[in-house]
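# Descriptive structure summary
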Amino acid sequence: AGGATYASAQPLPTGTLFGAYAYTTVAIGTLTAVDVTAAMAMPGVRRVLTAADIPAGGANDVGLMPAVFGAATTEYVFVPPGADVGCVGQPIALVLADSRPRAQLAAKTVTATYGAPTAKGPAKVITTIAEAIAAGSSFPNIPNGPSHTPSLSVGDVSAGFAAADKIVTGSLDTPGQKHFYMETQVAFAEPAEGDAVVVHCGAQGLDFVQAAVQKVTGLPMHRITVRNRRTGGAFGGKIARCIHVAGCAAMAARVSGRPVQIWLDREEDCATIGGREPVYATYKAGVKSDGTLTAIQISIYNDSGCIIETSFGDMDMALLWMDNAYYCGAYSATTDVMHTTLPSTTAMRAPGVVQSVMVMETIMEHLATALSMPADALRAANFYKIGDKTPYGEQIKYFSLDTVWSTIKTSADFDGKQAAAAAFNKANRWRKRGVALSPIKYGLAIGGTQGGCQIHVYPDGSVQVNHGGIEMGQGINVKVAQTVSYALGCPLESIEVTGTNTDVVPIASCTGGSTTSELCCAAAKLVCDTLNTRLEPVRKANPKAPWAGIVGAAGGAGVNLSAETLYQPPPGPMSSTFDYFAYGAAISVVEVDVLTGETELISTDILYDCGVSLNPQVDVGQVEGAFIMGVGYYTTEHVQYDTSGVLTSRGTWDYKPPAMTDIPESINITLLPDAPNPAGFLRSKASGEPPYALAMSVHFAIRSAVESARADAGTSGWFSLAIPADPAEIVGTCLTTDAMLTLK
């Protein structure tokens with residue numbers, strides 16, 4: 001009774017076919033032929049679909065960008081013979097069988113032949129940003145099409161470096177990351193009456209899925225219904241990467257006349273969904289002897305994979321968030337989006353921001369080392385002040401980070417933790433402790449989005465709410481229900497929030513960017529305002545009646561108690577990039593085994609400015625989840641491809657998302673009190689993405705511990721600590737030699 005259902009658990013009718021992909025096995029070349037003969041002979045196989053089976057009126061393309069912009073933005077449903085291969089793992093066929101295991105087994109028997117690549121794509125396999133830079137392989141901006149901001153600058157950087165007392169240069173290589181959501185990519189499609197199709201898909205944006213299905217099948221959108229009750233984790237991976245599976249399932253259902261389910265297994269999902277973009281950056285920074293920044297110069301590159309998908313937008317995010325919390329009057333940054341022969345990378349929780357903020361924080365650590373100044377003091381000395389302008393020209397009108405910073409240093413006893421770590425390190429040669437304090441300033445905006453909501457109030461006082469957002473563990477349905485309860489004055493337990501459906505609330509914006517909860521709550525509040533206006537005469541006539549009595553009287557008077565809206569947030573001022581900033585800080589303490597590289601997270605304290613939280617329990621949970629996801633990125637998760645472009649870290653044997661033992665032994669999360677946000681819905685702030693970057697505190701705490709081990713080994717000064725800082729990296733960076741292990 002009462003289980004939570006997901007797209008992968010959708011009840012399947014009798015006669016359902018199960019789809020399994022056959023994929024390209026080379027990273028470059030031209031597909032010349034696909035042989036499905038062996039697959040068709042396998043038990044239970046009903047059909048094998050290829051590019052030749054795209055229905056009349058449909059297109060062999062599920063890409064987010066219009067095909068008119070060229071091959072870089074086209075994503076085939078199936079790579080057709082004669083086309084260039086972009087990577088290992090592009091679909092070339094779909095086996096339809098009477099069971100999932102039979103379909104998967106038969107898919108492995110599909111073979112393909114390949115010819116030499118054409119001049120359209122890379123001439124050789126490219127698996128790293130460094131190789132792409134060397135080959136000059138990048139995606140240029142397309143006139144009147146996809147583009148990104150190539151540079152950002154303010155002030156005289158040359159003069160800033162001339163005025164500096166210390167100048168540092170360096171580079172940082174930040175890796176990719178797999179989404180590793182609980183529910184892998186899945187879609188179930190079934191033909192419906194009137195030459196229509198219904199698609200159940202664990203997507204973040206049903207409008208994207210509907211558009212992809214329309215493109216592939218050729219059906220008009222009013223014959224395409226997309227539904228999603230909830231998603232089993234997404235983190236950005238089901239914005240655009242889900243549309244391939246959904247579009248293909250719908251096409252297969254239309255061609256076969258049977259319901260079709262496509263559900264990727266874990267290794268298949270890891271191998272074909274590119275995940276977070278790797279980012280490489282070089283930097284140069286100057287500072288006065290008192291710690292004042294004089295100039296910063298950064299070049300940043302991301303790996304888009306074999307097509308442009310979200311990488312242009314993610315690069316813009318990297319560029320605009322890169323300043324983090326610091327004012328520098330002379331600042332220059334350039335960007336480039338690189339073309340490799342790997343699966344398309346895509347948005348992932350705080351896309352681009354995680355890496356670019358890490359670049360800035362690495363600069364601050366490097367400068368602190370050069371000045372022999374405590375890193376926390378250098379950071380605080382360069383915090384923005386009210387009235388300062390960012391490199392993108394936005395004036396800082398509210399800045400709570402200085403309060404957050406000073407408060408957490410006191411409440412979490414930062415100085416005491418540092419002193420205790422120093423004493424521990426002095427007494428121990430082979431185990432070292434490190435402490436670090438990291439800040440975040442994270443811009444948020446909901447302009448350019450839209451959120452629909454429909455509410456029905458029934459005669460018994462129960463309330464049904466339909467909205468365009470997707471529940472994926474972030475508590476959006478709880479916040480919307482609370483908003484409706486607050487606005488209508490009805491009991492929370494009388495409210496039911498339904499699943500998301502395009503035939504109920506169409507053209508809603510994709511759920512992402514941390515702000516969809518605010519968007520849907522605002523839409524729900526507008527609908528409630530309409531209902532309250534209709535109920536006002538009834539309430540005046542029955543001032544002491546309970547909610548159910550008011551509704552009953554309204555129904556008897558013929559009051560329409562159904563209403564809907566499509567809410568489009570008003571645009572902010574032209575001088576503003578963001579509606580507001582979220583601020584936070586984290587202090588982490590770690591203990592490192594110098595000989596094995598094992599890291600123990602002893603404690604983390606986080607103070608986060610969430611405005612007036614709509615639901616503190618939900619928001620604290622979001623802070624926890626984002627932080628732990630970041631811990632995995634900085635310490636354990638290592639995406640690895642071989643030189644032929646094959647992913648070798650396909651599952652948990654080789655890829656290590658954070659587990660129970662990676663959670664700090666003590667984790668204390670506090671929301672900043674008395675910090676209303678006038679620009680947020682009901683004075684709140686988003687909480688889903690900003691805290692992710694605070695996991696940098698773990699990385700820098702490990703670095704501090706390693707620094708102590710290096711000092712014992714007779715080495716001092718700046719050094720690079722790779723991401724992730726896994727045991728092998730830690731052991732190598734501690735510089736332990738065999739001679740040090742000899743008993744004397």
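Overview of the structure.

Cut-offs and rules
Residues numbered from 1 in each chain as written. Predicted model: local features only at pLDDT ≥ 70, side-chain atom pairs only at ≥ 80, totals over all residues. Heavy atoms only, no water. Axes fitted to C-alpha atoms, helices over the stretch in contact; angles between N-to-C directions. Helix = DSSP H or I, 4+ residues; strand = E, 2+ residues; numbered from the N terminus. Parallel < 35°, antiparallel > 145°, perpendicular 65-115°, else oblique. Left-handed = near helix turned anticlockwise from the far one by under 90°. Contact = heavy atoms within 4.5 Å. Nonpolar A, V, L, I, M, F, W, Y, C, P; charged D, E, K, R; others polar. Phe/Tyr/Trp six-rings, centres within 6.5 Å; stacked < 30°, edge-to-face > 60°. Buried < 20%, exposed > 50% of the residue type's maximum accessible area, 1.4 Å probe, protein only. Core = buried A, V, L, I, M, F, W, Y, C linked by side-chain atoms within 4.5 Å. 1 Å grid on protein atoms, 1.4 Å probe; cavity = no way out; pocket = protein on both sides within 12 Å on 5 of 7 lines; lining within 4 Å. Points joined across faces, edges and corners; volume = space filled by probe spheres on them. Salt bridge = Lys/Arg side-chain N within 4 Å of Asp/Glu carboxyl O. Polar contact = N/O pair within 3.5 Å; in protein donor to acceptor, adjacent residues only side chain to side chain. Pairing = 2+ DSSP bridges.

## Examining the packing of helix 5 (residues 206-217) against helix 6 (residues 242-256)
- Interhelical geometry of helix 5 versus helix 6 gives an angle of 45° and a closest axis separation of 8 Å. Taken as axis vectors, helix 5 and helix 6 run oblique relative to one another. The two elements helix 5 and helix 6 meet at a crossing, and its hand is right-handed. Listed contacts from helix 6 to Phe208, Val209, Ala212, Val213, Val216 and Thr217 of helix 5 are Cys242, Ile243, Ala246, Gly247, Ala250, Met251 and Arg254.
- Classifying every residue of the contact of helix 5 with helix 6 gives ten nonpolar, two polar and one charged.

## Section: the packing of aromatic side chains
- A complete count under the given rule lists 15 aromatic pairs for this structure.
- Measuring from ring centre to ring centre gives 5.8 Å for Tyr392 and Phe578, while their planes differ by 85°; the resulting arrangement is edge-to-face. Separated by 186 residues along the polypeptide, Tyr392 in the loop between helix 10 (375-381) and helix 11 (401-411) and Phe578 in the loop between strand 20 (562-567) and strand 21 (580-593) bring together distant segments of the chain. Each member of the pair Tyr392 and Phe578 is classed as buried.
- On the numbers, 5.2 Å between centres and 75° between planes, the contact of Tyr633 with Tyr634 is edge-to-face. We note that Tyr633, like Tyr634, is buried.

## Some words on the nonpolar core
- Core analysis: the largest hydrophobic core is formed by 110 residues, its most contacted members being Ile296, Ile298 and Ile702.
- Sort the elements by how many residues they give to this core and helix 9 (residues 353-371) lands first, with eleven residues.
- Dropping the residues within four chain positions of it, Ile702 is found in contact with Val590, Val592, Thr599, Thr635, Leu721, Ala725 and Ile730.
- Counting residues in each nonpolar core, the second largest holds 38 residues, with Leu96, Ala189, Cys242 and Cys248 among its members.

## Examining empty space enclosed by the protein
- For the structure on display, the rule yields six cavities of 30 Å³ or more.
- Approximately 230 Å³ is the volume found for the largest cavity.
- Taken together, 19 residues form the lining of the largest cavity, with Glu75, Gly89, Pro91, Arg241 and Thr272 sitting closest to its centre.
- Broken down by secondary-structure element, the contributors of at least two residues to the lining of the largest cavity are strand 1 (17-23) and helix 6.
- For the lining of the largest cavity, the per-class residue count stands at twelve nonpolar, five polar and two charged.

## Some remarks on the pattern of salt bridges
- Per the counting criterion, the structure on display carries 26 salt bridges.
- Salt-bridge contacts for Asp53 lead to Arg47; the nearest nitrogen and oxygen are separated by 3.4 Å.
- One salt bridge connects Asp503 with Arg227, and the closest N-O pair in it is separated by 3.5 Å. Placement of the pair is Asp503 in the loop between strand 19 (500-501) and helix 14 (516-541) and Arg227 in strand 10 (residues 224-228), with a sequence separation of 276 residues.
- Within the structure, one salt-bridge network assembled from shared partners comprises Arg431, Arg433, Glu591, Asp593 and Glu600.

## A few points about the packing of helix 14 against helix 15 (residues 547-556)
- Between helix 14 and helix 15, the least distance of the axes is 9 Å, while the angle of their chain directions is 110°. Put simply, helix 14 runs roughly perpendicular to helix 15. Listed contacts from helix 15 to Leu535, Val538 and Arg539 of helix 14 are Trp547, Ile550, Ala553 and Ala554.
- For the contact of helix 14 with helix 15, the per-class residue count stands at six nonpolar, no polar and one charged.

## A short note on the side chain of Glu75
- Residue position: Glu75 is located in the loop between strand 3 (45-49) and strand 4 (91-97).
- Once residues lying within four places of it in the same chain are set aside, the contact partners of Glu75 are Asn60, Asp61, Val62, Gly63, Arg241, His244 and Ile307.

## So, the side chain of His467
- Here His467 lies in strand 17 (residues 463-467).
- Judged by its relative accessible area of 2%, His467 falls in the buried class.
- Among the polar contacts listed, one links the side chain of His467 to the backbone nitrogen of Gly469, at a separation of 2.9 Å.
- For His467, the side chain forms a polar contact with the side chain of Asn477, separated by 2.8 Å.
- If sequence neighbours within four positions are ignored, His467 has contacts with Gly452, Cys453, Ile476, Asn477, Val480, Val497, Thr500, Val505 and Cys520.

## Description of the sheet that holds strand 9 (residues 196-201)
- Taking strand neighbours across the sheet as the criterion, the eight strands line up as 3-4-1-11-8-9-10-19 in an open arrangement whose pairing is mixed. Two strands lie at the open edges of the sheet, namely strand 3 and strand 19, each paired on one side alone.
- Strand direction decides the pairing type here: strand 10 and strand 19, joined by two bridges, are antiparallel. In the sheet register, Arg227 faces strand 19, and the bridge partner there is Asn501.
- Taken strand by strand, helix 2 (residues 100-107) contacts strand 1, strand 3, strand 4 and strand 11 (260-263), and its axis lies near 20° from that of strand 1.
- Against the sheet, helix 6 engages strand 1, strand 3, strand 4, strand 8 (186-192), strand 9 and strand 11, with an angle of about 30° to strand 8.

Shape is all these values report; function is a separate question.
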